[in-house]
Number of protein chains: 2
Amino acid sequence: MSLYKKHDTTINKAVQALHERTFYAAFPEHPAPAVYGETADADGQNKFKATLGKKFEELKQASPEGWAGEEESPYLQEPLKISYPTFSVKTLTERAGRAFHQWRKVNVHERAGILTESLDRMKARFFEIAYATMHTTGQGYMMAFQASGPHAADRALEAIAAGYEELQRFPTHAVWDKPMGKFNIQLNKEWRAVPKGISVVIGCSTFPTWNSVTGIYGSLITGNVVIVKPHPGAILPIAIVVAEIQKVLAENNLDPNICQLAADTFDRMITKELAEHPDVKLIDFTGNSVFGSYLEALPGKAVFTEKTGVNSVILDSTEDIDKVAANLAFAVTLYSGQMCTAPQNFYIPEGGIKTSAGTVTFDQFAQKFADNINALVDNPKAGPFVLGTIQNKKTCDRVTEAEKLPGKVWLKSRSVENPTFKNARISTPVVVEVDASKKDVFGKELFGPIALLIKTRNTDQSIQLAQEMARDHGAISCGAYTTDPQVREKIADEMSLVATPVSFNLVGGIYMNQHAAFSDFHVTGGNPAGNASFTNPEYVTKRFTWVGHREPVKA
Amino acid sequence: MSLYKKHDTTINKAVQALHERTFYAAFPEHPAPAVYGETADADGQNKFKATLGKKFEELKQASPEGWAGEEESPYLQEPLKISYPTFSVKTLTERAGRAFHQWRKVNVHERAGILTESLDRMKARFFEIAYATMHTTGQGYMMAFQASGPHAADRALEAIAAGYEELQRFPTHAVWDKPMGKFNIQLNKEWRAVPKGISVVIGCSTFPTWNSVTGIYGSLITGNVVIVKPHPGAILPIAIVVAEIQKVLAENNLDPNICQLAADTFDRMITKELAEHPDVKLIDFTGNSVFGSYLEALPGKAVFTEKTGVNSVILDSTEDIDKVAANLAFAVTLYSGQMCTAPQNFYIPEGGIKTSAGTVTFDQFAQKFADNINALVDNPKAGPFVLGTIQNKKTCDRVTEAEKLPGKVWLKSRSVENPTFKNARISTPVVVEVDASKKDVFGKELFGPIALLIKTRNTDQSIQLAQEMARDHGAISCGAYTTDPQVREKIADEMSLVATPVSFNLVGGIYMNQHAAFSDFHVTGGNPAGNASFTNPEYVTKRFTWVGHREPVKA
């Protein structure tokens, strides 16, 4: 119980934060020396560099059946040459099956203590994870630190908290005492929260820890064992997390196979074989819609997906159009539009956007938007760091294709120089005007730095299109700018019906892309963009089953 | 708010009861004149009789497109000749679609008040519903009163309570105040629990209210509109409930189409058309596994099923074998085994059952069991009332087939006389010995009064078979008799892993068939017998989506 005692304040605070939904963070997001230590950054970078070109030997998974790794740095355009132990699906599932019967018997307090301890260990490696994230995902340094480090750890703690609470929502024992008139029937009842079994968490290439730790910790806290199947292009960040979990498990005399890493390579992916294995009962997935929908249809499994979506911005009216253009320019530029929350479709009425300084026409806004993007990407102190790089070459092709779309190209994509990495793969945002009738063009996710400006008859049509896109193709975020309370409520209501959260009138240093742990539900689960939500009760309750036994009280 | 104020004590008590899980009932289960009034029974019977042969005109669904009804009394072997208004799927879904936008805007307190009020109205008709249930399902009077009346109303209240609680688990508003060092970012956040849309509740022929009200009230409390599609053979009991819901809605100036009845006939079933309609987002179903699995696989819908299962009894050791035999004889005889919780497979070690009076052999127990069934069914003051009648002729065929199974027939099925209803369709339980190797025989549900005695090598094999049956074919209940704490824990653990609740050592007036509202989770959702559980949090949380909007706090 000592790890539980060590962390019980943190765990209980996290449960409270989940319900208050005011600002809360257990892990400081600023990579400040004052917080993390004077040498933390340099140490982390050195540790990362020392990992390159070698076997990753930290895992406690015995007798590897092979070694493989194909990660490449989008900054260096070079392979990392790290190799990871590989195992057959048979070995992984057999080890998981054995570990399950140990882990499921560990009580919820001990589990919570062990898992929270592992986050502390992860914290000690945030900088190393940040460099690993940069050189696999292409994120800028700040995002790589925050998203893969403190923000991921906070989301993991959120999942621990949600599971910890749900597992205790019903009593373990009660006496049921039914008056029957002349006598009572008394039963001793007990309830067990029974984990489902083996959980497979399938990672993505852009957010290898943030999008995986929720499933990992959500499954572990509820007593399941986890096989982590990272994207072959982004293994190292989550491998470090798994290694730390395994160390804490081993220190507590538990089988490290309670949480295994299952690295694979592009030409020999084991994802389908893992997912279809009959002992695998839970699957978490972040990635494309085709594979996500295939997983969701697998019978007899609880599947949690974050797939693609088409995120909209509705522009109706504003006090200060320049602040709006600046905010949205940042939103499309941040990590080159490779966030699931990045805006893609911008709906602007043909009559223009009403502002306190008069109406801003469609063309005026388009130009302002393009100008703001240019100003940002051409600012050598900001542009390269906000943009990061393009993770996958295919995204560059998509950007090139976007410039050939039928409609005026307001801004062409180009490269800018990264002062540190001369070979970095960079594409600045492309901005294209698309006719409102061309749903075949804007009615799908164009992943990457691609912004489509869509001229609508009026704001009602803008709302209708944003709603239709979310309903038919999914949406994870939505931006809206309006000074009219009635229009605001209409947007709030109509987008609610398609389960899309709306960020209203964001200006300054907060962006629609950002979802905060303990406050913003990430993905709602209510539209085709995914069936899971970080972290609502369903996200953890589907991972276990309440089973009640009963027996007469002895006379 | 007046109906909420009227019922808030009941609602809050119900929420508390859900979590305490000690005995709680809001509706008295005994049909006593002292509770329900001296003339309540006779009045109910008269009202039921007055309904026969007529149009059921209580519903507030305008402009019926037809009238139809094909119910038959298993007691009288005669049609009830009641006709119900019928509507096309197009009409039903269009009306539901319109009503949705009214109902979803009613706040949770008002919804809870209105729904709880409708249960009070239902209470005033418990006796009428009891006779309607007898003459559609064939249940005995006492079960018909309890299961379709107070027990159903308690399960409905449980669903209201669960929804009421979940809808308030997160705040409607919060200020998110993030310290950024030199300044704070402040956002006003709001969260809406957004209902999914149209809910279809598909009833069964044996428990037309009990198995439907949970879905109806679970969907309504969470803001969805409901189309109730009863089994064509058992419409009247739930039609009365729907009529009462509609009356309370109308009294509160709400559209009665918030809860519609969609009666159909055997030759023109509208179930598939309803279920597949794109606007239908929620489906509740009780019935056979083939149709249930078809529904579960429909994409884009949340589906709640209670399907078939194979319920086991594990006999290891006991203090008093006669009490055990009597209890189990009652369990198989009650409503002629037509309960989803009735036992089917009885596993008895070839070495016999250990008792305080020495070992009871397999054959000795089989004989005791048959003798106890005979004594019960031949007792004119008990037998006919416990048995009720057989709802569906096909069940009688199944009983006949069971007597031809390869194995010793320990007890043949026969009829006994019902003192009131000379034509009642009665089949007493058949008891057949089946070899433990014959999984093709006992590895499926044989719905009806069919008990299979399976000789195992030992209790370990009994447990293994019970577990395998539950894992592969589903199970809703399990009985076990053992005086050995280690064996008890092994059974509790192994059956937990296949999500099956175990009733240990039940003797006297409590049976494994009985699941109590506010205490026993009915169906766990964790094995093939169904994916829903009355009433765990998932049962209501899947019916709505949390959506959060946010906007900067004005300076």
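Per an unreviewed UniProt entry, chain A goes by Phenylacetic acid degradation protein PaaN and derives from Chryseosolibacter histidini.

For chain A, the count of helices and strands is 20 helices and 22 strands. Over its C-alpha atoms, taken along the principal directions, chain A stretches across nearly 85 × 70 × 45 Å. For chain A, the computed accessible surface area is about 19,500 Å², with 51% contributed by carbon and sulfur atoms. Taking the average place of the 58 positive charges on the side chains of chain A and the average place of its 61 negative ones, the gap between the two points comes to 5 Å.

Before going further, it helps to examine the environment of Thr355(A). Residue and element names in this part refer to chain A. Residue position: threonine 355 is located in strand 15 (residues 353-355). Put simply, threonine 355 and glutamine 338 are 17 residues apart on the chain and 31 Å apart in space, counted from C-alpha to C-alpha. If we skip the residues at most four places from it in the chain, threonine 355 touches Thr318, Ile321 and Val360. A polar contact is formed between the side chain of threonine 355 and the backbone oxygen of glycine 358, at a distance of 2.5 Å.

For the rest of this paragraph, the subject is the pattern of salt bridges. Inspection of the entire model under this criterion finds 70 salt bridges over all chains. With its nearest N and O atoms 2.5 Å apart, the salt bridge here joins Glu551(B) to Arg488(A). Of this pair, Glu551(B) sits in strand 22 (residues 544-552) while Arg488(A) sits in helix 19 (residues 485-497), each in a different chain. Neither residue differs from the other here; Glu551(B) and Arg488(A) are each classed as buried.

All names here are of chain B. With their axes 8 Å apart at the nearest point, helix 13 (residues 321-333) and helix 14 (residues 362-377) run at an angle of 55° to one another. Overall, the two elements helix 13 and helix 14 adopt an arrangement that is oblique. In this structure, helix 13 crosses over helix 14, and the sense of that crossing is right-handed. Contacts between helix 13 and helix 14 involve Ile321, Asp322, Val324, Ala325, Ala326, Leu328, Ala329, Phe330, Val332 and Thr333 on the former and, on the latter, Phe365, Lys368, Phe369, Asn372, Ile373, Leu376 and Val377. Looking at the contact of helix 13 with helix 14 residue by residue, the classes come out as 13 nonpolar, 2 polar and 2 charged.

In this chain, Phe534(A) is followed by Thr535(A) through a cis amide linkage whose omega measures -25°. Relative to the helices and strands, Thr535(A) resides in the loop between strand 21 (502-504) and helix 20 (537-541). Even without glycine at this site, Ser63(A) takes up a positive phi of about 50°. The topology assignment puts Ser63(A) in the loop between helix 3 (40-51) and strand 1 (66-68). Even without being glycine, Tyr335(B) reaches a positive phi, approximately 45°. The topology assignment puts Tyr335(B) in the loop between helix 13 and strand 14 (345-349). For Tyr335(B), a relative accessible area of 1% gives the class buried.

The next subject is the domain arrangement of chain A. Residue and element names in this part refer to chain A. Domain parsing of chain A yields domain 1 (2-307 + 532-549) and domain 2 (312-504). Taking only C-alpha atoms into account, the centre of domain 1 sits 33 Å from that of domain 2. At the interface, 18 residues of domain 1 touch 17 residues of domain 2. Carbon and sulfur atoms supply 60% of the area that domain 1 and domain 2 bury against each other, a total of about 1,400 Å² over both sides. Three residues, Tyr75, Gln77 and Met143, lead the burial of domain 1 against domain 2; their summed loss comes to 34% of the area buried on that side. On inspection of domain 1 and its partner domain 2, the count reaches 0 salt bridges. Taken together, the connections running from domain 1 to domain 2 amount to 6 residue pairs in polar contact (both at pLDDT 80 or more). In terms of residue count, helix 6 (residues 126-137) provides more of the side of domain 1 that touches domain 2 than any other element does, 4 residues in total. Taken together, the residues of the side of domain 1 that touches domain 2 sort by class into 6 nonpolar, 10 polar and 2 charged.

With that out of the way, let us pick up the UniProt feature "domain: Aldehyde dehydrogenase" (unreviewed entry) in chain A. The sites that carry the UniProt feature "domain: Aldehyde dehydrogenase" (unreviewed entry) are, in the present numbering, residues 89-496 of chain A. Its end C-alpha atoms 41 Å apart, residues 89-496 of chain A is made of 45% helix and 20% strand.

On to the nonpolar core, then. Trp103(A), Ile216(A), Tyr217(A), Leu261(A), Leu315(A), Phe365(A) and Phe369(A) are the most contacted members of the largest nonpolar core, which totals 158 residues. No other element matches the 10 residues that helix 10 (residues 236-251) of chain A contributes to this core. For Phe365(A), the residues in contact, after removing those within four places along its chain, are Leu315(A), Ile321(A), Val324(A), Ala325(A), Leu328(A), Ile348(A), Ile353(A) and Val360(A). In terms of nonpolar packing, the next biggest core, distinct from the first, is built from 157 residues, Val89(B), Ala112(B), Leu119(B) and Trp210(B) among them.

Attention now moves to the sheet that holds strand 16 (residues 358-360) of chain A. Residues and elements named next belong to chain A. Judged by pairing direction, the sheet is mixed, and its 3 strands sit side by side in the order 13-15-16 without closing on themselves. The open sheet has two free edges, formed respectively by strand 13 (317-318) and strand 16, since each of these has just one partner strand. Where strand 13 lies against strand 15, 2 bridges are found, and the strand directions are parallel. For serine 317, the partnering residue across the bridge sits in strand 15 and is lysine 354.

On to the packing of aromatic side chains, then. Residues and elements named next belong to chain A. Under the criterion given, the structure shown has 52 aromatic pairs over all chains. With a centroid separation of 5.7 Å and an interplanar angle of 80°, the aromatic rings of tyrosine 36 and phenylalanine 127 are classed as edge-to-face. A residue pair is termed long-range when its members are at least 10 positions apart, and tyrosine 36 in helix 2 (residues 33-36) and phenylalanine 127 in helix 6 qualify at 91 residues. Taking the centre distance of 4.9 Å and the plane angle of 50° together, the rings of phenylalanine 346 and phenylalanine 369 count as tilted. Note that phenylalanine 346 is positioned in strand 14 (residues 345-349) and phenylalanine 369 in helix 14 (residues 362-377), a separation of 23 residues in sequence.

Before going further, it helps to spend a moment on the relation of the copies chain B and chain A. Mapping chain B onto chain A calls for a rotation angle of 180° and an axial translation of 0.0 Å; the resulting RMSD is 0.0 Å. Taken together, the rotation and translation describe the operation of a two-fold axis. Across chain B, the smallest distance between a C-alpha and the rotation axis is recorded for Glu538(B), namely 3.2 Å. Both copies share a contact surface, since 100% of the interface residues of chain B are interface residues in chain A too.

A word on the interface of chain B and chain A. Counting from both sides, the interface comprises 70 residues of chain B and, opposite them, 70 residues of chain A. Carbon and sulfur atoms make up 55% of the area that chain B and chain A hide from each other, which totals about 5,900 Å². On the chain B side of the interface with chain A, the three residues burying the most area are Phe23(B), Arg169(B) and Arg550(B), jointly 13% of the side's total. The interface formed by chain B and chain A contains 18 salt bridges.

All names here are of chain B. Here we have 5 strands laid out as an open sheet, ordered 9-8-7-10-11, and parallel in their pairing. Unpaired on one side and paired on the other, strand 9 (259-261) and strand 11 (302-306) mark the two borders of the sheet. With strand direction ignored, the average angle separating the axes of adjacent strands in the sheet is 15°. As paired elements, strand 7 (residues 198-202) and strand 10 (residues 280-286) share 5 bridges and run parallel to each other. Bridging from a neighbouring strand, serine 199 pairs with leucine 282 of strand 10. This element, helix 10 (residues 236-251), spans strand 8 (225-229) and strand 9 of the sheet and lies at about 145° to strand 9.

Definitions and limits used
- Residues numbered from 1 in each chain as written.
- Chains lettered and ligands numbered in written order.
- Predicted model: local features only at pLDDT ≥ 70, side-chain atom pairs only at ≥ 80, totals over all residues.
- Heavy atoms only, no water.
- Helix = DSSP H or I, 4+ residues; strand = E, 2+ residues; numbered from the N terminus.
- Areas by Shrake-Rupley, 256 points an atom, 1.4 Å probe, with all protein chains shown as cover.
- Lys, Arg positive; Asp, Glu negative; His and termini not counted.
- Charge placed at Lys NZ, Arg CZ, Asp CG, Glu CD.
- Contact = heavy atoms within 4.5 Å.
- Polar contact = N/O pair within 3.5 Å; in protein donor to acceptor, adjacent residues only side chain to side chain.
- Salt bridge = Lys/Arg side-chain N within 4 Å of Asp/Glu carboxyl O.
- Buried < 20%, exposed > 50% of the residue type's maximum accessible area, 1.4 Å probe, protein only.
- Axes fitted to C-alpha atoms, helices over the stretch in contact; angles between N-to-C directions.
- Parallel < 35°, antiparallel > 145°, perpendicular 65-115°, else oblique.
- Left-handed = near helix turned anticlockwise from the far one by under 90°.
- Nonpolar A, V, L, I, M, F, W, Y, C, P; charged D, E, K, R; others polar.
- Domains from an automatic or database assignment.
- Buried area = accessible area lost by both parts, 1.4 Å probe.
- UniProt positions renumbered as here; feature names shortened; annotations may be inferred.
- Core = buried A, V, L, I, M, F, W, Y, C linked by side-chain atoms within 4.5 Å.
- Pairing = 2+ DSSP bridges.
- Phe/Tyr/Trp six-rings, centres within 6.5 Å; stacked < 30°, edge-to-face > 60°.
- Least-squares fit on C-alpha atoms with pLDDT ≥ 70 in both.

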